[in-house]
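The primary structure of each chain is shown beneath.
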Amino acid sequence: MDQSRMLRLGEVAERLNVSISTARRLVRRGDLPGCKVGYQIRVDREDLDAYVAQVRAAAAAGQQAA
């Protein structure tokens with residue numbers, strides 16, 4: 001896996017506009033795939049993009065049902 005594709009948890013939190021603890025919780029719950037590199041959690045950019053697309057699709061489906 002290309003290291004430049006891996007994001008630190010702080011970068012993930014910034015892109016999602018959430019706190020680092022919320023980003024960590026998403027990874028721990030398995031909502032967002034991540035892996036530990038030493039003591040740090042990293043998330044692949046493609047996995048983050050897929051997660052965002054999934055959340056947007058779920059939000060759009062919820063709005064259409066209303």
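Cut-offs used in this document
Residues numbered from 1 in each chain as written. Predicted model: local features only at pLDDT ≥ 70, side-chain atom pairs only at ≥ 80, totals over all residues. Heavy atoms only, no water. Core = buried A, V, L, I, M, F, W, Y, C linked by side-chain atoms within 4.5 Å. Buried < 20%, exposed > 50% of the residue type's maximum accessible area, 1.4 Å probe, protein only. Helix = DSSP H or I, 4+ residues; strand = E, 2+ residues; numbered from the N terminus. Contact = heavy atoms within 4.5 Å. Arc of directions from axis to C-beta. Salt bridge = Lys/Arg side-chain N within 4 Å of Asp/Glu carboxyl O.

J.: Just to check I follow, could you spell out the nonpolar core for this structure?
T.: Nonpolar side chains tend to gather and get buried jointly when the protein is soluble and globular. Core analysis: the biggest nonpolar cluster contains 12 residues, these being L7, L9, V12, A13, A23, L26, V27, L32, I41, V43, L48 and Y51. Secondary-structure elements contributing two or more residues to this core are helix 1 (9–16), helix 2 (20–29), strand 3 (40–44) and helix 3 (45–65). Contacts of L32, omitting those with residues within four sequence positions, involve V12, L26, V27, V43, D47, L48 and Y51.

J.: Is there a simple way to think about helix 2 in this case?
T.: Residues spaced three or four apart along an α-helix face the same direction, because each turn holds 3.6 residues. Of the residues making up helix 2, those classed as buried are A23, L26 and V27. Seen end-on, helix 2 carries its buried residues on one side only, within an arc spanning 95°. Turned more than 90 degrees off the buried face of helix 2, the exposed positions are R28 and R29. Remark: G30 follows helix 2 within two positions and exhibits a positive phi of approximately 90°.

J.: Help me understand the pattern of salt bridges, please; the structure alone is not making it clear to me.
T.: Two side chains of opposite charge can pair, provided their charged atoms sit close to one another. Evaluation of the coordinates by the stated rule reveals four salt bridges. Across the pair R5 and D44 runs a salt bridge whose closest N-O atoms are separated by 2.8 Å. On the criterion of sequence distance, the pair formed by R5 in the segment before strand 1 (6–8) and D44 in strand 3 is long-range, its members being 39 residues apart. Looking at R5, the relative accessible area reads 30%, which means it is partly exposed. Overlapping salt bridges bring together R5, D44 and E46 as one network.

So yeah, pure geometry; function would need other evidence.
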